[in-house]
Amino acid sequence: MKLINIGFGSMVSASRVVAIVSPDSAPVKRLGQEARERGMLIDASFGRKTRSVLVMDSGHVVWSSLTTGQVSAPFGGADGTEEETP
């Protein structure tokens with residue numbers, strides 16, 4: 001199982017991540033609010049500004065203070081493209 005660092009010693013399973021998005025748009029903010037109401041929000045930003053939102057296959061929403069590029073780098077690059085493995 002590959003773990004991805006989301007900041008401050010927190011990790012998530014790479015195989016469970018569905019999407020990594022910027023928190024700036026209204027729909028993503030609404031997604032976070034709805035997850036909070038359902039008890040499915042994990043705030044791993046530790047009080048810092050949320051710079052990326054991870055959507056998990058379990059329905060959980062994770063807030064991170066790392067940028068989307070920093071979180072997505074282990075997936076193949078900051079540009080979001082996945083590298084082919086030989």
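Residues numbered from 1 in each chain as written. Predicted model: local features only at pLDDT ≥ 70, side-chain atom pairs only at ≥ 80, totals over all residues. Heavy atoms only, no water.

Peer 1: So what's going on with the overall build of the protein? Which residues, and what values?
Peer 2: For the protein, the helix and strand inventory stands at 2 helices and 6 strands. Its helices and strands taken in sequence order, the protein reads β-β-β-α-β-β-β-α from the N to the C terminus. Burial analysis of the protein (86 residues in total) assigns 37% to the buried set. When contacts within the protein are restricted to residue pairs at least 6 apart in sequence, long-range pairs at least 24 apart make up 47% of them. (Helix = DSSP H or I, 4+ residues; strand = E, 2+ residues; numbered from the N terminus. Buried < 20%, exposed > 50% of the residue type's maximum accessible area, 1.4 Å probe, protein only. Contact = heavy atoms within 4.5 Å.)

Peer 1: Would you mind going over a nonpolar patch on the surface in detail, with residue names and values included?
Peer 2: A contiguous nonpolar patch, built from Met 1, Leu 3 and Met 11 and spanning about 390 Å² of accessible area, is present on the exposed surface. Turning to its location among the elements, Leu 3 is positioned in strand E1 (residues 3–7). (Patch = residues over 30% accessible without salt bridge, like charges linked within 9 Å, V, L, I, M, F, W, Y side chains within 5 Å. Areas by Shrake-Rupley, 256 points an atom, 1.4 Å probe, with all protein chains shown as cover. Salt bridge = Lys/Arg side-chain N within 4 Å of Asp/Glu carboxyl O.)

Peer 1: So what about the sheet that holds strand E6 (residues 61–64)? Which residues, and what values?
Peer 2: Taking strand neighbours across the sheet as the criterion, the 4 strands line up as E3-E5-E6-E4 in an open arrangement whose pairing is mixed. The open sheet has two free edges, formed respectively by strand E3 (17–21) and strand E4 (41–43), since each of these has just one partner strand. In this sheet, neighbouring strand axes are inclined to one another by 20 degrees on average, regardless of whether the strands run parallel or antiparallel. As judged from the 3 bridges shared by E4 and E6, these two strands associate in the parallel manner. From the neighbouring strand, Asp 43 faces E6, where its bridge partner is Trp 63. (Pairing = 2+ DSSP bridges. Axes fitted to C-alpha atoms, helices over the stretch in contact; angles between N-to-C directions.)

Peer 1: Could you give an account of the environment of Ile 4, with specific residues and numbers?
Peer 2: Relative to the assigned elements, Ile 4 resides in strand E1. As a C-alpha pair, Ile 4 and Ala 14 span 10 residues in sequence and 5.8 Å in three-dimensional space. Sequence-distant contacts of Ile 4, defined by excluding residues within four places in its chain, comprise Ser 10, Met 11, Val 12, Ala 14, Val 71, Pro 74 and Phe 75.

Peer 1: Which residues make up the pairing of strand E2 (residues 10–13), and what are the values?
Peer 2: Here E1 pairs with E2 via 4 bridges, running antiparallel. Bridge pairing links Ile 4 to Val 12 in E2. Following E1, the chain reverses through 2 residues before pairing antiparallel with E2; Phe 8 in that reversal takes a positive phi of roughly 55 degrees.

Peer 1: Outline the environment of Gly 32, listing residues and values.
Peer 2: Mapped onto the elements of the fold, Gly 32 is located in helix H1 (residues 26–38). Ignoring any residue separated from it by four or fewer positions in sequence, one finds Gly 32 in contact with Leu 41, Val 61 and Trp 63.

Peer 1: A description of H1 should follow, citing residues and the corresponding values.
Peer 2: The end-to-end C-alpha distance of H1 is 18 Å, a good match for the 18 Å that 13 residues give at a rise of 1.5 Å each. Listing the buried residues of H1 in full gives Val 28, Gly 32 and Ala 35. Projected down its long axis, H1 shows its buried positions confined to an angular sector of 65 degrees, all on one face. Looking at H1, the residues exposed on the side facing more than 90 degrees away from the buried face are Lys 29 and Glu 37. Each element contacted by the buried residues of H1 is listed here: E3, E4, strand E5 (52–56) and E6. (Expected span 1.5 Å × (residues − 1). Arc of directions from axis to C-beta.)

Purely geometric stuff here, so don't read any function into it on its own.
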